[in-house]
Amino acid sequence: MTTQSCRIMQIRSTLPTLKDVARLAGVSPITASRAIHRPELVAEATRMRVKQAVEQSGYVPNSLAGGLTSRQTRLVAAIVPSVAHSLFSDMLNALISRLAADSYETTLGISNYEPEHEETWLTAMLSRRPDGVVLTGTEHTTRTRRLLLNANIPVVELWDYSPHPMDVAIGFSQEDAGRAVFRYLAACGYQRPAILRSEDSRAHRRAQGFARAAAEANAPEPVQIVFPESSPQAGRGREALGALLVKAPDADAVFCSSDALAQGVLAYAHELGLNVPQFGVFGFGDQALAVNSIPALSTVRIDGACIGRLGAEALITRMRGAPATPAQDVGFEIIARGSTRPAEPLRRQ
């Protein structure tokens, strides 16, 4: 084992300090500080050594150094993919309200579904020494995980369920949701359902569950139409349905990655003269627009407010130094409405 590897192992057992970075880079703490805060005063070779030491150790400069009289900041850092989606908004409102009831302030970040952006945001937030961190989902970069491990503070991952979280995870199984939708559509009598979705990882996992359920039922592999997550889903219905009818004209139902996308599909289906629900349309999220669509939209209901409240309570428990249930699966509900043929509603607990 090299001397540098030994140094890394020595400092990973505690929250890395500037002295750790200096020792790893082979420079004085003053030089390390200058390389981080005043790089123009340090030789390039030295800057590179210090930069590498920062990356390897997971050190985060403390922007509040010397300004705190207590280790507690009463600050929670939370990040979501988007605030445009009402599901995330419901979750955030419940999370922030519950934390505020215990006198915690929440600072919010938006990742735009990009793990690298989440990593950049987290680096900035950890410099403010929050008492806890809330992430959306369970997919993070390697450096994000290392930063959180080194920070040694409570972490709650919301929205996605995982039996093996970093600390605490509260959500539901995306794969199981997709599997349940296929089984529901099959129970409605649809034989060739397809998938219209964005390319984000959660929609991808739901599509995987949907496709696996089709394989288990010896049904044809579902055709998928995929578009970039950055595209507004509300305006993608026409394009997605048009592409599907060219690629798979015999498709008799669609599972959409959001209610907004499904509403666009319904509008274009009506324009084309397609008979809905003979041609089934199924959404995801049970947003307010779902019940007001024509016909009303069948969809998957997620209790975002419940996830946010449970997440806040678990984080508060952990910030108090007490253990919390590591993984909670809140489930989902299949909501049957007029955009699909009648079938017995299914509920997953």
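Residues numbered from 1 in each chain as written. Predicted model: local features only at pLDDT ≥ 70, side-chain atom pairs only at ≥ 80, totals over all residues. Heavy atoms only, no water.

**Let's talk about the overall build of the chain**
Part 1: A count of helices and strands for the chain gives 13 helices and 13 strands.
Part 2: Counting the 349 residues in the chain, one finds 50% classified as buried.
Part 3: When contacts within the chain are restricted to residue pairs at least 6 apart in sequence, those whose partners lie at least 24 apart make up 70%. (Helix = DSSP H or I, 4+ residues; strand = E, 2+ residues; numbered from the N terminus. Buried < 20%, exposed > 50% of the residue type's maximum accessible area, 1.4 Å probe, protein only. Contact = heavy atoms within 4.5 Å.)

**Observations concerning the confidence of the model for the chain**
Part 1: Residues with a pLDDT of 70 or more make up 90% of the chain, whose mean pLDDT is 89.
Part 2: When the criterion is pLDDT under 50, residues 3-13 qualifies, and its contacts beyond four places in sequence or with other chains add up to 15 contacts.
Part 3: Across residues 65-70 the pLDDT falls below 50, and counting only partners more than four positions away or on other chains, this stretch makes one contact in the model. (pLDDT = per-residue confidence, 0-100.)

**Some words on unusual backbone geometry**
Part 1: A cis amide bond links Ile294 with the next residue in sequence, Pro295, at an omega value of -10°.
Part 2: Here Pro295 is to be found in the loop between helix H12 (288-292) and strand S10 (299-301).
Part 3: Despite not being glycine, Trp159 shows a phi value in the positive range, around 90°.
Part 4: Tracing the backbone shows Trp159 in strand S4 (residues 155-160).
Part 5: By relative accessible area, which is 3% here, Trp159 ends up buried.
Part 6: One non-glycine residue, Asn218, lies in positive phi territory at about 60°.
Part 7: You can see Asn218 is positioned in the loop between helix H9 (201-216) and strand S7 (224-227).

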